There are 2 protein chains.
Amino acid sequence: MSTSISPLALPFPDMSPVAGVTLRVARARYKEWDRCDLTVAELAPGTVVAGVLTQSRCPSPEVEWCRRALVLGEARALVVNAGNSNAFTGHRGRAAVEAIAARAAAAFGCKPSDVFVASTGVIGVPLPIDKAEAGLDAAVAAAPADWRAAAEAIGTTDTYPKGATVTAMVDGRTVTLAGIVKGSGMIAPDMATMLGFVFTDAAVEAGFLQRALADANARTFSCITVDGDTSTSDTVLAFATGAAGNAPLASEENAGADAFRAALADLCRQLALLVVRDGEGASKLIEVIVEGAESDRSAHRIAMSIANSPLVKTAIAGEDANWGRVVMAVGKAGEPAERDRLSIRFGATPVAEAGLAVEGYDEAPVAAHLKGREVEIGVDLGLGEGSARVWTCDLTHGYISINADYRS
Amino acid sequence: MSTSISPLALPFPDMSPVAGVTLRVARARYKEWDRCDLTVAELAPGTVVAGVLTQSRCPSPEVEWCRRALVLGEARALVVNAGNSNAFTGHRGRAAVEAIAARAAAAFGCKPSDVFVASTGVIGVPLPIDKAEAGLDAAVAAAPADWRAAAEAIGTTDTYPKGATVTAMVDGRTVTLAGIVKGSGMIAPDMATMLGFVFTDAAVEAGFLQRALADANARTFSCITVDGDTSTSDTVLAFATGAAGNAPLASEENAGADAFRAALADLCRQLALLVVRDGEGASKLIEVIVEGAESDRSAHRIAMSIANSPLVKTAIAGEDANWGRVVMAVGKAGEPAERDRLSIRFGATPVAEAGLAVEGYDEAPVAAHLKGREVEIGVDLGLGEGSARVWTCDLTHGYISINADYRS
């Protein structure tokens, strides 16, 4: 964890345990720091897993491992390493993942394919197997940890720990969903973003859990961007222990399925926004809402073009209502748009309508809105029914400071 | 012009007049500044024109005007306004362009469609017709100006004037090509970038000139990026006065056609690099060379993914050989890539080969290379014969400072 906390940080919530999940943390010392950087979640027998993984063509061996293990749909343990992503490390990286899975499997009496592994940190340095094994042994022997300790242990350049919890009524029982997430840079929305882990005591069949997670992901993690840079290691996994004892959710038709899906999406949205709030150097949370596009997909692309524009992001950092840069970002998105039907608002105040500035609009509420910590940019293309909502943060000197001297 | 000159600036070259082209500048005072901000190039009767224009879906009325006028292929005047892009200004913006064309046509005894207009600056404020007309009148009455004065007058956030000149042998005669360009932010490669004007005394037919310009553009202006933000006003125009008296170039088969095309591409490349050298906040010029891709198009996309990555650009700013970020940018490009065939070099030194770090590579030459003003990143995908070469600059605190308080 960095010492300078994001001004957009939210306090860590009060989070109850999830039956069937036992968290433990340890010091593997992947970097020269005195903090826990290895996290293990032990999962009750019968736990079902789903996941969404980075679409990068250069994924980490952890991502490849999880992709294969997800086919089986069962999980008994999750191991998370912080400080070294183990990406682009060839056969040595693959060997490290296999070693971790084998050792965790021995500790928990399960198959290696029941062990999920995720790592985050610098690219190109093989994860040291000796540190990983010693850290894993220490974690297995440690007393159980709480959510906050785990959320802290999975962080790298994060400035605060991130967690959220929700409940849902399923089959007459209250089920709990809890999640932790890490990420503040190299954040862009290609299926998943950085590391996010969701745990629930609900009983859910693997196919349904995968569909529910993919759907939630598409509207949450895939709708955030800090810098447009998609990581080699992006991973979101959902584990369902079944300890709540409900009749297992197997299809969208089951009673409680809608409630579970809504709760999962709500949780993922909370977690995704926590990542944006910790965007490197962020001083403002920006919500971009695009309506009137030819399709939802088109709206999403236009929204992302705005959210990824360095000129839009620096304008918001400067509290400058420079809507011309929004026009530019709409224009460059490559999606259907007609200049003379386009409307733009900051907060609730229209600043441009039908292809030109709103004559003499009141600048006071716009200025007040831009001075706040949360900024909303609304765009109506006036073409159709497509809409999208994405989140990003502003681009400040802090981003440059953090990233011009991260590794060395 | 800004007062702080880019550390990558090159001195303005010694540039001879081009027969058939008369430059004049004046103060239209589009902003509260005491400098020339309106430029007129008077072109000899018979001048042929070609152009490439922004692909933005929200183009300025100037771009729309030029697009229509280019169909006719003839030009008698160019008018360039600096300080106001006139983009997204509705019918008032269109009226301003029409008024300028009509007034210039009257001054030069030509049709309004023979007048090309380009404007650059803030978006969303209609160009004041009274200032434009008064400025135009002043320019028409002024003494001829040299290339440097014109290059200065078309600039906005540029920190130095940009021009270049080359010659070619065509039909036994030496023809001259001269160009000026402006741009330092909102620079990204979608057909054209910001404002560039090329003038030659060669006799060239319109169709050939358009093909030669489009071809040169694809390898030069379309291969640069400062911030990935494509302007609403990007315009590159080429004017051929024919004063050199050569037999007009009409096809790629004509004697001298190859020499002319090569000279035009050389000129465009010089001008494009001058723009990158004035990238907002730039402290290093970065050349990205991608080889071994499945196609040239794929190589170009991968090169642009690297060149537009904030994490790569901040790493170079920090003189950090963080090639993991290059891997990330290759992976996110969405183009065919295989992690275990990928090689990366900084300057001449391989740092990663076949999917992992080069064991114990010599860091000294890499560190020395990164400390220089010109940095080369080489990527070999090991898949095929596709290659591409693009140019960008690093991302520094200067970019944030310039763009967080540009408009107000």
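Residues numbered from 1 in each chain as written. Chains lettered and ligands numbered in written order. Predicted model: local features only at pLDDT ≥ 70, side-chain atom pairs only at ≥ 80, totals over all residues. Heavy atoms only, no water.

A few words on the overall build of chain A. Per the secondary structure count, chain A includes 11 helices and 15 strands. Computed over C-alpha atoms, the radius of gyration of chain A comes to 22 Å, within 12% of the 22 Å expected from 2.2 N^0.38 for 408 residues, which places it in the range of a compact globule. Dimensions along the principal axes, computed over C-alpha positions, put chain A at roughly 70 × 55 × 35 Å. Per-residue burial over chain A gives 61% buried out of 408 residues. (Helix = DSSP H or I, 4+ residues; strand = E, 2+ residues; numbered from the N terminus. Rg over C-alpha atoms; globule rule 2.2 N^0.38 Å. Buried < 20%, exposed > 50% of the residue type's maximum accessible area, 1.4 Å probe, protein only.)

Mapping chain B onto chain A is achieved by rotating through 180 degrees and translating by 0.0 Å along the same axis, at an RMSD of 0.0 Å. Considering both components of the superposition, the chain copies are consistent with a two-fold axis. In terms of proximity to the rotation axis, the leading residue of chain B is B:H397, whose C-alpha is 2.8 Å off the axis. (Least-squares fit on C-alpha atoms with pLDDT ≥ 70 in both.)

This part takes up the domain arrangement of chain A. Residues and elements named next belong to chain A. Looking at chain A, the domain boundaries give domain 1 (21-277) and domain 2 (285-403). Of note, the centres of domain 1 and domain 2, computed from C-alpha atoms alone, are 33 Å apart. Between domain 1 and domain 2 the total buried area reaches about 1,100 Å² when both faces are included, carbon and sulfur atoms providing 62% of it. Of all residues in domain 1, C223, T225 and V276 give up the largest surface area on contact with domain 2, accounting jointly for 39% of the area buried on that side. For the interface between domain 1 and domain 2, the tally reads one salt bridge. In this structure, E374 engages R277 in a salt bridge whose closest nitrogen and oxygen atoms are separated by 2.6 Å. On inspection of domain 1 and its partner domain 2, the count reaches two residue pairs in polar contact (both at pLDDT 80 or more). In terms of residue count, the dominant contributor to the side of domain 1 that touches domain 2 is helix α6 (residues 257-277) (four residues). The residue makeup of the side of domain 1 that touches domain 2, split by class, is six nonpolar, three polar and four charged. (Domains from an automatic or database assignment. Buried area = accessible area lost by both parts, 1.4 Å probe. Salt bridge = Lys/Arg side-chain N within 4 Å of Asp/Glu carboxyl O. Polar contact = N/O pair within 3.5 Å; in protein donor to acceptor, adjacent residues only side chain to side chain. Nonpolar A, V, L, I, M, F, W, Y, C, P; charged D, E, K, R; others polar.)

Residues and elements named next belong to chain A. Between helix α7 (residues 296-307) and helix α9 (residues 323-332), the shortest axis-to-axis distance is 8 Å and the interhelical angle comes to 135 degrees. By the angle between their axes, α7 is oblique relative to α9. Crossing hand, α7 versus α9: right-handed. On the side of α7, the interface is formed by I302, S305 and I306, while α9 contributes V326, A329, V330 and K332. (Axes fitted to C-alpha atoms, helices over the stretch in contact; angles between N-to-C directions. Parallel < 35°, antiparallel > 145°, perpendicular 65-115°, else oblique. Left-handed = near helix turned anticlockwise from the far one by under 90°. Contact = heavy atoms within 4.5 Å.)

So, on to the sheet that holds strand β7 (residues 173-182) of chain B. Residues and elements named next belong to chain B. Read across the open sheet, the five strands follow the order β3-β9-β8-β7-β6; overall the sheet is mixed. Each having just a single partner strand, β3 (48-53) and β6 (162-170) make up the two edges of the open sheet. Strand after strand, the sheet turns through a mean of 15 degrees between neighbouring axes, direction not considered. Across nine bridges, the pairing between β6 and β7 is antiparallel. Paired with V170 across the strands is R173, a residue of β7. Contacting β3 and β9 (235-240), helix α1 (residues 61-70) crosses the sheet at an angle of about 135 degrees to β3. (Pairing = 2+ DSSP bridges.)

This brings us to the packing of helix α2 (residues 90-108) of chain B against helix α3 (residues 129-141) of chain B. Residues and elements named next belong to chain B. At their nearest, the axes of α2 and α3 sit 10 Å apart, and the two run at 20 degrees to each other. On the basis of the axis angle, α2 is roughly parallel to α3. Crossing hand, α2 versus α3: right-handed. From α2, A95, A96, A99, I100, R103, A104, A107 and F108 reach across to α3, where they touch I129, A132, E133, L136, D137 and V140.

Counting residues at the interface gives 63 residues for chain B and 63 residues for chain A. Taking both sides of the interface into account, the surface hidden between chain B and chain A amounts to around 5,200 Å²; carbon and sulfur atoms contribute 57%. For chain B, the biggest contributors to the area lost against chain A are B:R57, B:F88 and B:R339; these three give 17% of the whole. Across the chain B-chain A interface, the total number found is six salt bridges. The salt bridge partner of B:R339 is A:E64, with a shortest N-O separation of 3.0 Å. Of all elements in the fold, only α1, α2, α8 (310-317), α9 (323-332), β13 (356-357) and α11 (397-403) of chain B reach the threshold of two or more residues within the side of chain B that touches chain A.

Our next topic: the sheet that holds strand β14 (residues 374-380) of chain B. Residues and elements named next belong to chain B. A sheet is described by the order of its strands in space; here six strands give the open sequence β13-β12-β11-β14-β10-β15, paired in mixed fashion. Looking along the sheet, the strands with just one partner apiece sit at the ends: β13 and β15 (386-393). Across four bridges, the pairing between strand β11 (residues 343-346) and β14 is antiparallel. Within β14, the residue paired with F346 across the bridge is I377. Strands β11, β12 (349-353), β13 and β14 of the sheet are contacted by α9, whose axis makes an angle of about 135 degrees with β11.

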